[in-house]
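Reading the structure
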Amino acid sequence: MDLDLEEVAMTIVGNAGEARSLAYEALREAKTGNFDKAEELLKESREKSLVAHGMQTELICNEADGNGIAMNLLMVHAQDHLMNSILARELVEELIEDKIFSQEMNRSRDFFKGINNVKSYEIDPPNVKAQLREYQEYGFKWLAYLMDNNLGGCLADDMGLGKTLQAIAVLTRLHEEKGKKSLVIMPKSLIYNWEGEIKRFSPKLKVGIYYGNFRNIDIIKKSSVILTTYGTIRNDIETLREIKFDTIILDESQNIKNINAQTTKAIMLLESKNRIALSGTPIENNLGELYSLFRFLNPAMFGTAEEFNNYYAVPIQKENDQEAIEELKKKIYPFILRRVKKEVL
């Protein structure tokens, strides 16, 4: 065998052997629960495997006549190392996936346990100038629980049950920490009603109106809670999408029921950690409106519009698929809270 070719072949075997050793070491670390170290070793093992595989391909392409038997023996040896390293890495990846799945399941169980016991959620009462009714206190806790879990929800109480007050209560809680910034979006007819309600129930909140002739970016910079309209968001989205909000609240959220409307598309471009919707009629006509609402509240929950249509909208609306109906109900129930007057008054 030519010396250069022999050296290359031995280097391939060496890299393949290191890939195997690193993969087995990663497996040992994963079995003891040291997943961070296991992932580091996996990365190194993959890199060694890629080097060995690349050199192996090049060597085969340049193999000289008469070197077939010796070369094949070395290549079989290298391939054995590579296969063992692949199998070991797959085992490590399965262990890591099991760990991640277990963590997600635990978080999911904890969340659902909490959402079913919101009444006992231990948080300080809201510092608002109002005595919340029992159902309003529940609504405040429900919104706070979702926000504390970085999830969005739709408060869908009947008109007259104080959705605005419950929202102001949770805004007041959020802004007890300085430096927070919230955006409340509504039809233009509600702007001054919201301003008045905030001044009445939470006068310490620094509120500003970004609307009409008062569309100065300084208003946003100087205010903690900014009130604006759906039309303003649509017109000024290029400016507003650059701002990071801590909370966005949509009042009369049925205004985004059409996922393809320009206003809806603009709303989806806004950046915020927390998202709340207020509406007495969150869904008026079809399940596309539900998808649009949840695309705002929890964007990743239902995937693309096509996926939602395939899994839910078409089976439910065209085929009355009871299994799909029940599955959809289970998915959305933690994120929509609706009370009617006859139940709470």
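Preceding this section is the structure that the text describes.
This report concerns the structure included in the present document. (Residues numbered from 1 in each chain as written. Predicted model: local features only at pLDDT ≥ 70, side-chain atom pairs only at ≥ 80, totals over all residues. Heavy atoms only, no water.)

Scanning the chain from terminus to terminus reveals 14 helices and seven strands. The 345 residues of the chain split such that 45% are buried. A fraction of 72% describes how many contacts in the chain between residues 6 or more apart in sequence connect residues 24 or more apart. With an accessible surface of roughly 19000 Å², the chain has 49% of that area assigned to carbon and sulfur atoms. (Helix = DSSP H or I, 4+ residues; strand = E, 2+ residues; numbered from the N terminus. Buried < 20%, exposed > 50% of the residue type's maximum accessible area, 1.4 Å probe, protein only. Contact = heavy atoms within 4.5 Å. Areas by Shrake-Rupley, 256 points an atom, 1.4 Å probe, with all protein chains shown as cover.)

Let us now look at helix α6 (residues 191-201). Those residues of α6 lying buried are Ile191, Trp194, Glu195, Glu197, Ile198 and Phe201. With its buried residues spanning 165° around the axis, α6 presents them on a single face. Of the exposed residues in α6, the ones pointing more than 90 degrees away from its buried face are Lys199 and Arg200. For α6, the elements touching its buried residues are α5 (163-174), β2 (182-186), β3 (207-209), β4 (225-229), β5 (244-251) and β6 (271-278). (Arc of directions from axis to C-beta.)

On to the pattern of salt bridges. Tallying each qualifying case throughout the model produces 11 salt bridges. As a salt-bridge pair, Arg173 and Asp148 come within 3.0 Å of each other at their nearest N and O atoms. Of this pair, Arg173 sits in helix α5 while Asp148 sits in helix α4 (residues 134-148); the two residues are 25 residues apart in sequence, bridging distant segments of the chain. You can call Arg173 partly exposed: its relative accessible area is 25%. (Salt bridge = Lys/Arg side-chain N within 4 Å of Asp/Glu carboxyl O.)

Before going further, it helps to spend a moment on unusual backbone geometry. Located in the positive-phi region is Asn150, a residue other than glycine, with phi close to 55°. Mapped onto the elements, Asn150 comes out in the loop between α4 and β1 (153-155). The phi torsion at Glu252 lies on the positive side, around 55°, for a residue other than glycine.

This part takes up the packing of aromatic side chains. This structure, assessed with the given rule, holds seven aromatic pairs. On the basis of an interplanar angle of 40° and a centroid distance of 5.7 Å, the ring pair of Phe308 and Tyr312 is categorised as tilted. With a gap of four residues between them, Phe308 and Tyr312 both fall in helix α12 (residues 305-319), about one helical turn apart. Judged by its relative accessible area of 5%, Tyr312 is buried. A network of ring pairs unites the aromatic residues Tyr291, Phe294, Phe302, Phe308, Tyr312 and Phe335 as a single cluster. (Phe/Tyr/Trp six-rings, centres within 6.5 Å; stacked < 30°, edge-to-face > 60°.)

Take a negative patch on the surface next. Side chains of Asp36, Glu39, Glu40, Glu44 and Glu47 sit close together on the surface and give a patch of like negative charge. Looking at the element boundaries, Glu40 is found in helix α2 (residues 35-61). (Patch = residues over 30% accessible without salt bridge, like charges linked within 9 Å, V, L, I, M, F, W, Y side chains within 5 Å. Lys, Arg positive; Asp, Glu negative; His and termini not counted. Charge placed at Lys NZ, Arg CZ, Asp CG, Glu CD.)

What follows concerns the sheet that holds β1. If you walk across this open sheet you meet the seven strands as β3-β4-β2-β5-β6-β1-β7, and the pairing is parallel. Sheet topology places β3 and β7 (336-337) at the edges, where each strand pairs with a single neighbour. Sheet topology note: the β2/β4 ladder contains five bridges and is parallel. The residue bridging Leu183 from the neighbouring strand is Ile226, located in β4. The strands touched by α4 within the sheet are β1, β5, β6 and β7, with β1 carrying the most contacts at an inclination of about 165°. (Pairing = 2+ DSSP bridges. Axes fitted to C-alpha atoms, helices over the stretch in contact; angles between N-to-C directions.)

Attention now goes to the packing of helix α10 (residues 262-269) against helix α11 (residues 287-297). Following both chains from N to C, one finds α10 and α11 inclined at 25°, their axes separated by 9 Å at the closest point. Judged by the angle between their axes, α10 and α11 are roughly parallel. Of the two elements, α10 crosses α11, and the hand of that crossing is left-handed. Residues Thr264, Ile267 and Met268 of α10 lie in contact with α11, whose contacting residues are Ser292, Arg295 and Phe296. Residue composition of the contact of α10 with α11, by class: three nonpolar, two polar and one charged. (Parallel < 35°, antiparallel > 145°, perpendicular 65-115°, else oblique. Left-handed = near helix turned anticlockwise from the far one by under 90°. Nonpolar A, V, L, I, M, F, W, Y, C, P; charged D, E, K, R; others polar.)

This next bit is on the side chain of Lys180. Position of Lys180 among the secondary structure elements: in the loop between α5 and β2. Here Lys180 is in contact with Leu174, His175, Ser224 and Asp246, once residues within four sequence places are set aside.

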